[in-house]
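Coordinate analysis (summary)
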Amino acid sequence: MSASKKFPIPLSYFSIALGLFALGLSWRYGASVGLLPALAAESLLAVASVVWLLLVAAYLIKIFAYRND
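Reading the values: rules and limits
Residues numbered from 1 in each chain as written. Predicted model: local features only at pLDDT ≥ 70, side-chain atom pairs only at ≥ 80, totals over all residues. Heavy atoms only, no water. Axes fitted to C-alpha atoms, helices over the stretch in contact; angles between N-to-C directions. Helix = DSSP H or I, 4+ residues; strand = E, 2+ residues; numbered from the N terminus. Parallel < 35°, antiparallel > 145°, perpendicular 65-115°, else oblique. Left-handed = near helix turned anticlockwise from the far one by under 90°. Expected span 1.5 Å × (residues − 1). Buried < 20%, exposed > 50% of the residue type's maximum accessible area, 1.4 Å probe, protein only. Patch = residues over 30% accessible without salt bridge, like charges linked within 9 Å, V, L, I, M, F, W, Y side chains within 5 Å. Areas by Shrake-Rupley, 256 points an atom, 1.4 Å probe, with all protein chains shown as cover. Salt bridge = Lys/Arg side-chain N within 4 Å of Asp/Glu carboxyl O. Phe/Tyr/Trp six-rings, centres within 6.5 Å; stacked < 30°, edge-to-face > 60°.

Here's the deal with the packing of helix α1 (residues 14-32) against helix α2 (residues 38-65)
Interhelical geometry of α1 versus α2 gives an angle of 160° and a closest axis separation of 8 Å. In terms of orientation, α1 lies roughly antiparallel with respect to α2. Judged by the sense of rotation from one axis to the other, the crossing of α1 with α2 is left-handed.

Examining α2
Quick reminder: α-helices carry 3.6 residues per turn. Residues three or four places apart thus point the same way. Here α2 is 28 residues long and its end C-alpha atoms lie 41 Å apart, about the 40 Å a rise of 1.5 Å per residue gives. Every buried residue of α2 is listed here: Ala41, Leu44, Leu45, Ala48, Leu55, Ala58 and Tyr59.

Observations concerning a nonpolar patch on the surface
Taken together, the side chains of Leu18, Trp52, Leu53, Val56, Leu60, Ile63 and Phe64 present a nonpolar region at the surface, about 690 Å² in accessible area. The element contributing the most residues to the nonpolar patch is α2, with six residues. Relative to the assigned elements, Leu60 resides in helix α2. On the basis of relative accessible area, Leu60 is assigned to the partly exposed category, the value being 43%.

A few points about the packing of aromatic side chains
Taken as a whole, this structure holds two aromatic pairs when the rule is applied. Between Phe14 and Trp52, the ring centres sit 5.1 Å apart and the planes meet at 70°, which makes this aromatic pair edge-to-face. With Phe14 in helix α1 and Trp52 in helix α2, this residue pair connects regions lying 38 residues apart in the sequence. A relative accessible area of 14% places Phe14 in the buried class. Ring centres 5.7 Å apart and planes at 45° place the aromatic pair Phe14 and Tyr59 in the tilted group. Placement of the pair is Phe14 in helix α1 and Tyr59 in helix α2, with a sequence separation of 45 residues. In terms of burial, Phe14 and Tyr59 fall into one category: buried. Among the aromatic residues, those joined into a cluster by ring pairs are Phe14, Trp52 and Tyr59.

The values reported here are purely geometric and, on their own, carry no functional implication.
So, in structure tokens, the structure goes:
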């Protein structure tokens, strides 16, 4: 890759996944006491996991493709 081109994903994007995990866990607690549907909690946790894995994959690509940055 070109040395002048920077990696486009900032490290702070991991906070998106952490926020989704926190929301999913709090929703799961609400579902355990009978106030909220459990399917929404599991869906939020699944989306958070996918976002986390995509960000980890992006940073692995950064390690190998943008090694000199």
